[in-house]
Amino acid sequence: MKVAILPGDGIGPEVTRQALRVLEALSLPGLTLFEGDVGGAAYHRHGHPLPEETLTMAKECDAVLFGAVGDPTCDKLDRHLRPEQAILGLRKELALFANLRPAKVYPGLEHLSPLKPEIAAQMDMMIVRELTGDVYFGDKGTRAATDGSDEGWDMMSYSETEVRRIAHVAFRTSRARGDKHRVTSVDKANVLETSQVWRDTVIAAADSHPDIALSHMYVDNAAMQIITNPGGFGVILTGNLFGDILSDLASAAVGSIGLLASASMGERQTAHGTFGLYEPIHGSAPDIAGQGIANPMATILSAAMMLRHSFGKEAEAARIEAAVEGALADGVMGRDLGGEHGTEAIGAAVLERL
């Protein structure tokens, strides 16, 4: 089991270090870690945010554990040299089309959510977002409108092939969640032809997964239901645009991005499972980098997702998640959660409960 470790910029190396402590404590046979430069750190050392040697290493591994990228000293560089291009380049070169983002409110932390505590307590969902299609990747441009003013246009499209492959990811993810065997496909099929193709294709794909209950919901209703009835969702399956918005909405409802992990996956199969890139959803936070106060729990939980989805290590993933939940229940919290525990102390607390 080979893992490419890409700590990146800002707090990336700090939080990644704690995730590595957890992985090493599990003493998994055959686990080999390789570290590479990415983002602003890579630009300063190699002249590019995604050096060829880093990309080659990632391709040769079975999974990638990613920290964060973003460096204010690189803000005036040409766009293709800025740190953020590294993660975009990795997604493209590694053909990662499926983004998995869990959103869960942990017991005792309901007060951190902007939702009413009794509603926040229901939230435990997984958003499966198609990552490489939709309006973000369609043709776009500007032109003169009929009244002579400027007009912007963007093409939204999905092929049956693109929808089918992400649908299968959602159904498999739902099955792996145990008792939450339900998928809600979110679209706007009442007004968009793209969404009608999406819905028809998802329905056809569901025939291969008869154990999963499939339902459909328009995106505007889905946004309302995430806020008013989050317990009604298990897995949400949706496209790039809608998924971008809904996943941020769900993460805000949790109360802190310091707890939120994510996975980006494709179709490539290794000897151990499905190749994927795993990262916390927060950024590099350069304003607190080096101070030892960043919350590493999202990165630790990303490592748990990696063990589950790329290596089939369900028991080990569950152990990590239970250790994080135990630490939180015992009041081990970073400043993002209103606590005073630092990065090292949080990592040590998770290790103790592991």
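Reading guide: rules and limits
- Residues numbered from 1 in each chain as written.
- Predicted model: local features only at pLDDT ≥ 70, side-chain atom pairs only at ≥ 80, totals over all residues.
- Heavy atoms only, no water.
- Helix = DSSP H or I, 4+ residues; strand = E, 2+ residues; numbered from the N terminus.
- Expected span 1.5 Å × (residues − 1).
- Buried < 20%, exposed > 50% of the residue type's maximum accessible area, 1.4 Å probe, protein only.
- Contact = heavy atoms within 4.5 Å.
- Core = buried A, V, L, I, M, F, W, Y, C linked by side-chain atoms within 4.5 Å.
- Phe/Tyr/Trp six-rings, centres within 6.5 Å; stacked < 30°, edge-to-face > 60°.
- Lys NZ or Arg CZ within 6 Å of the ring centre and 35° of its normal.
- Axes fitted to C-alpha atoms, helices over the stretch in contact; angles between N-to-C directions.
- Parallel < 35°, antiparallel > 145°, perpendicular 65-115°, else oblique.
- Left-handed = near helix turned anticlockwise from the far one by under 90°.
- Nonpolar A, V, L, I, M, F, W, Y, C, P; charged D, E, K, R; others polar.
- Polar contact = N/O pair within 3.5 Å; in protein donor to acceptor, adjacent residues only side chain to side chain.
- Pairing = 2+ DSSP bridges.

> In this structure, what is going on with helix 7 (residues 193-206)? I would like to understand it.
Every α-helix carries 3.6 residues per turn, so stepping three or four residues along brings you back to the same face. Taking 1.5 Å of rise per residue, the 14 residues of helix 7 would be expected to cover 20 Å, and the 20 Å separating its terminal C-alpha atoms lies within 8% of that figure. Taken together, the buried positions of helix 7 are Thr194, Ser195, Trp198, Arg199, Thr201, Val202, Ala205 and Ala206. Elements in contact with the buried residues of helix 7: strand 5 (124-130), helix 6 (160-176), strand 8 (182-187), strand 9 (213-218), strand 10 (235-238) and helix 9 (240-254).

> So what exactly am I meant to see when it comes to the nonpolar core here?
Generally speaking, a soluble globular protein has its nonpolar side chains buried in company with each other. If you look at the biggest cluster of nonpolar residues, it comprises 59 residues, and the most contacted ones within it are Leu65, Leu100, Val128, Leu237, Met306, Leu307 and Leu328. Broken down by element, this core gets its largest block of residues, nine residues, from helix 10 (residues 297-311). Not counting residues within four places of it along the chain, the set of residues in contact with Leu328 comprises Tyr106, Leu109, Leu259, Met297, Met333 and Leu337. Residues Val105, Ile119, Ile226 and Leu260 belong to the second largest nonpolar core, which totals 21 residues.

> What should I look at first to understand the packing of aromatic side chains in this one?
Within a pair of aromatic rings, the relevant descriptors are the distance that separates the centres and the angle that separates the planes. Scanning the entire structure with this criterion turns up one aromatic pair. Of note, Arg165 hangs over the ring of Phe97, and the distance from its end group to the ring centre comes to 4.0 Å.

> What's the story with unusual backbone geometry in this structure? I'm lost.
Phi is positive for Ser27, which is not a glycine, with a value near 50°. You can see Ser27 is positioned in the loop between helix 1 (12-26) and strand 2 (32-35). The phi torsion at Asp134 lies on the positive side, around 75°, for a residue other than glycine. With respect to the helices and strands, Asp134 occurs in the loop between strand 5 and strand 6 (140-144).

> Help me out: how do you make sense of the packing of helix 1 against helix 10 in this one?
In helix packing, the relevant descriptors are the interaxial angle and the interaxial distance, both defined with respect to the helix axes. Axis separation between helix 1 and helix 10 bottoms out at 8 Å; the angle between their running directions is 45°. Judged by the inter-axis angle, helix 1 sits oblique to helix 10. In the crossing of helix 1 with helix 10, the sense of the turn from one axis to the other is right-handed. Of helix 10, the residues touching helix 1 (which contributes Val15, Thr16, Gln18, Ala19, Val22, Leu23 and Leu26) are Thr299, Ile300, Ala303, Met306 and Leu307. Taken together, the residues of the contact of helix 1 with helix 10 sort by class into nine nonpolar, three polar and no charged.

> When you look at the side chain of Thr238 in this model, what are you seeing that I'm missing?
Along the chain, Thr238 falls in strand 10. Among the polar contacts listed, one links the side chain of Thr238 to the backbone oxygen of Val186, at a separation of 3.0 Å. Leaving out residues up to four positions away in the same chain, Thr238 has contacts with Val128, Arg129, Glu130, Val186, Trp198 and Gly243.

> What exactly am I supposed to notice about the environment of Leu26 here?
Of note, Leu26 is situated in helix 1. In the structure, Leu26 is positioned 70 residues away from Leu96 in sequence and 27 Å away in space, judged by C-alpha atoms.

> Would you mind showing me how to read the sheet that holds strand 2 here?
Within a sheet, neighbouring strands are paired by backbone hydrogen bonds and run either parallel or antiparallel to one another. Across the sheet, which stays open at both edges, the ten strands sit in the order 2-1-3-12-11-4-5-10-8-9 with mixed pairing between neighbours. Either end of the sheet is taken by a strand with one partner, and the two such strands are strand 2 and strand 9. Ignoring which end each strand starts from, the neighbouring axes of this sheet average 20° apart. Examined bridge by bridge, strand 8 and strand 9 share six bridges and lie parallel to one another. Across the sheet, Val183 pairs through a bridge with Leu214, a residue of strand 9. Contacts from helix 8 (residues 219-228) reach strand 5, strand 8, strand 9 and strand 10, with the element oriented near 105° to strand 9. With respect to the sheet, helix 10 is in contact with strand 1 (2-8), strand 3 (63-68), strand 4 (98-104), strand 5, strand 11 (261-269) and strand 12 (274-280), its orientation differing from that of strand 12 by roughly 170°.

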